[in-house]
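A look at the structure
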Amino acid sequence: HGPEIWRDTDGNVDVFVSGVGTGGTVTGVSQFIKGSSEFNLDAKNPNLYTVAVEPQEQMLITEAKGGTKIGQQGPHKIQGMGAGLIPKVLDLDLLDEVVPVHSDDAMSMANDLWLYGLPVGVSAGAIVKAAVRVMNTRKSSH
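Residues numbered from 1 in each chain as written. Predicted model: local features only at pLDDT ≥ 70, side-chain atom pairs only at ≥ 80, totals over all residues. Heavy atoms only, no water.

Further remarks concern the overall build of the chain. Within the chain, the regular secondary structure consists of 5 helices and 3 strands. The order of helices and strands in the chain, counted from the N terminus, is α-β-α-β-α-β-α-α. For 142 residues, the compact-globule estimate of 2.2 N^0.38 gives 14 Å, and the C-alpha radius of gyration of the chain, at 15 Å, lies within 12% of that figure. Seen along its three principal axes, the alpha-carbon backbone of the chain occupies a region of about 40 × 35 × 30 Å. Counting across all 142 residues of the chain, residues that qualify as buried make up 38%. As displayed, the chain offers around 8000 Å² of accessible surface, 52% of which is attributable to carbon and sulfur atoms. (Helix = DSSP H or I, 4+ residues; strand = E, 2+ residues; numbered from the N terminus. Rg over C-alpha atoms; globule rule 2.2 N^0.38 Å. Buried < 20%, exposed > 50% of the residue type's maximum accessible area, 1.4 Å probe, protein only. Areas by Shrake-Rupley, 256 points an atom, 1.4 Å probe, with all protein chains shown as cover.)

Looking at where Ala64 falls in the secondary structure, it is placed in helix α3 (residues 60-64). Relative accessible area serves as the criterion here: at 40%, Ala64 is assigned to the partly exposed category. Counting along the chain gives 38 residues from Ala64 to His102, while the straight-line C-alpha distance between them is 19 Å.

Now for the packing of aromatic side chains. Scanning the entire structure with this criterion turns up 0 aromatic pairs. Just above the ring of Tyr49 sits the side chain of Arg138; from NZ or CZ to the centre is 4.7 Å. (Phe/Tyr/Trp six-rings, centres within 6.5 Å; stacked < 30°, edge-to-face > 60°. Lys NZ or Arg CZ within 6 Å of the ring centre and 35° of its normal.)

The next subject is the pattern of salt bridges. Tallied over the full model, the rule gives 4 salt bridges. Between Asp96 and Lys34 there is a salt bridge, and its shortest N-O distance comes to 2.9 Å. You can see Asp96 sitting in the loop between α3 and β3 (97-101) and its partner Lys34 sitting in helix α2 (residues 24-34), a full 62 residues away along the chain. Asp105 is the partner of Arg133 in a salt bridge, and the nearest nitrogen-oxygen pair spans 3.6 Å. You can see Arg133 sitting in helix α5 (residues 122-141) and its partner Asp105 sitting in helix α4 (residues 103-115), a full 28 residues away along the chain. (Salt bridge = Lys/Arg side-chain N within 4 Å of Asp/Glu carboxyl O.)

Along the polypeptide, Val17 turns up in strand β1 (residues 15-19). By relative accessible area, Val17 is classed as buried at 17%. For the pair formed by Val17 and Ala52, sequence separation is 35 residues and the distance between their alpha carbons is 6.0 Å. If we skip the residues at most four places from it in the chain, Val17 touches Val51, Val53, Ile127, Ala130 and Ala131. (Contact = heavy atoms within 4.5 Å.)

All right, on to the sheet that holds β1 then. One open sheet holds the 3 strands; their spatial order is β1-β2-β3, and the pairing between them is parallel. Strands with a single pairing partner mark the edges of an open sheet, and in this sheet they are β1 and β3. The average angle at which neighbouring strand axes cross in this sheet is 25 degrees, direction not considered. The pairing of strand β2 (residues 49-55) with β3 spans 5 bridges and is parallel. If you follow Val51 over to β3, its bridge partner there is Glu97. (Pairing = 2+ DSSP bridges. Axes fitted to C-alpha atoms, helices over the stretch in contact; angles between N-to-C directions.)

What follows deals with α2. Because an α-helix packs 3.6 residues into every turn, residues spaced three or four apart end up facing the same way. Of all 11 residues making up α2, 8 are buried, and the element is well covered by its neighbours. Among the residues of α2, those classed as buried are Val26, Thr27, Val29, Ser30, Gln31, Phe32, Ile33 and Lys34. Just beyond α2, the residue with positive phi is Gly35, at close to 100 degrees.

Our next topic: the pairing of β1. The buried fraction of β1 is high, at 5 of 5 residues. Judged by which residues are buried, β1 turns out to be covered on both faces: Val15, Val17 and Gly19 on one side and Phe16 and Ser18 on the other are all buried. Inspection of the sheet shows β1 paired to β2 by 5 bridges, in the parallel sense. Counted as the bridge partner of Val17 is Val51 from β2. Assessed by its sense of winding, the connection that carries the chain from β1 through α2 to β2 is right-handed. (Right-handed = clockwise from strand over helix to strand, strands pointing away.)

Encoded structure:
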């Protein structure tokens, strides 16, 4: 996905927000754009801001990055994310931020997106919810 994102944005990408299932997309895209000496990839934008999205009900990545879990932890309703483990392929060092999204907020955003004509699932709702939070935070800090 990294080459496609780079090509389709003409290299104008400074923030990447991704859900974490296997960890392959967020790691691979970030390695491709930020660069990776391990895989001999030159940096295209070493300042890419990489955001991982995980269910608020299962904040294992947040905890692994030194953050604090919020609220009750356990089952969630966001398919494809939060499998109860930190995937081995996930490179925590590439993550600049981890955004937890509650299942209810993810479902609500997915519903809103459907109303705009975008038929998406709950995981996309979680990612869009996180992206809105990140962009609002970045906008207010600049």
